[in-house]
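# Descriptive structure summary
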Amino acid sequence: VNVLKGDMSLVGPRPLPVRYLPRYTPEQKRRHEVRPGITGWAQVNGCRGETKTTDDMVRRIHLDIWYINHWSLGLDLRIIWMTVRNMLGRDKGNAY
């Protein structure tokens, strides 16, 4: 529903809570300048759910920034394919 309303995209970064914004660098804040997605580059690369360590959070941020800097329709289609593959269980341990 949020995609149809235009509040979200199918593919995009998942911004962290706004309360953490003061801790971000200007480049990291770019995650909040694009529409969030249901799935994204970080998610299909194993960064799902709660970030239990600082390294997990840093990896997710780097993957999201990489996605923003390299966005293309082809990349979005690849991410959608990887998401479907994960949902079908072809990448065990990488999807909920």
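That block above? That's the structure.
Residues numbered from 1 in each chain as written. Predicted model: local features only at pLDDT ≥ 70, side-chain atom pairs only at ≥ 80, totals over all residues. Heavy atoms only, no water.

All right, on to the overall build of the chain then. A count of helical and extended segments in the chain gives five helices and two strands. Shown N-terminal to C-terminal, the secondary structure of the chain runs as helices and strands in the order α-β-α-β-α-α-α. By the compact-globule yardstick of 12 Å for 96 residues, the chain fits well, its C-alpha radius of gyration being 13 Å. Dimensions of the chain along its principal axes, counting C-alpha atoms only, are 40 × 30 × 25 Å. In the chain, once contacts between residues fewer than 6 apart in sequence are set aside, the share between residues at least 24 apart is 64%. Surface accessibility of the chain: about 6500 Å² in total, with carbon and sulfur atoms responsible for 57%. (Helix = DSSP H or I, 4+ residues; strand = E, 2+ residues; numbered from the N terminus. Rg over C-alpha atoms; globule rule 2.2 N^0.38 Å. Contact = heavy atoms within 4.5 Å. Areas by Shrake-Rupley, 256 points an atom, 1.4 Å probe, with all protein chains shown as cover.)

Okay, the pattern of salt bridges next. Inspection of the entire model under this criterion finds two salt bridges. Two residues, lysine 5 and aspartate 7, come together in a salt bridge whose shortest N-O distance is 3.5 Å. For lysine 5, a relative accessible area of 57% puts it in the exposed group. By relative accessible area, aspartate 7 is classed as partly exposed at 43%. Its salt-bridge partner being aspartate 64, residue arginine 31 comes within 2.8 Å of it at the nearest N-O pair. Note that arginine 31 is positioned in the loop between α2 (26-29) and β2 (37-39) and aspartate 64 in helix α4 (residues 54-69), a separation of 33 residues in sequence. As far as the burial class goes, arginine 31 and aspartate 64 line up, both buried. (Salt bridge = Lys/Arg side-chain N within 4 Å of Asp/Glu carboxyl O. Buried < 20%, exposed > 50% of the residue type's maximum accessible area, 1.4 Å probe, protein only.)

Glancing now at the nonpolar core. One finds Val11, Trp41, Ala42, Val44, Cys47, Leu63, Tyr67, Ile68, Leu75, Ile79 and Met82 forming the largest nonpolar core, which totals 11 residues. Breaking this core down by element, the ones donating at least two residues are α3 (41-44), α4 and α5 (73-87). Setting aside residues up to four positions removed in sequence, isoleucine 79 forms contacts with Val11, Thr39, Gly40, Trp41, Val44 and Tyr67. (Core = buried A, V, L, I, M, F, W, Y, C linked by side-chain atoms within 4.5 Å.)

Another point: the side chain of threonine 83. Tracing the backbone through its elements, the reader meets threonine 83 in helix α5. Relative accessible area serves as the criterion here: at 14%, threonine 83 is assigned to the buried category. Beyond its immediate sequence surroundings of up to four residues, threonine 83 is in contact with Thr39 and Val44.

A cluster of nonpolar side chains, namely Leu10, Ile38, Trp71, Leu73, Leu77, Ile80, Trp81, Val84 and Leu88, defines an oily patch on the protein surface of about 940 Å² accessible area. Take the nonpolar patch: its biggest share by element is five residues, from α5. On the secondary structure map, isoleucine 38 appears in strand β2. We classify isoleucine 38 as partly exposed; its relative accessible area is 47%. (Patch = residues over 30% accessible without salt bridge, like charges linked within 9 Å, V, L, I, M, F, W, Y side chains within 5 Å.)

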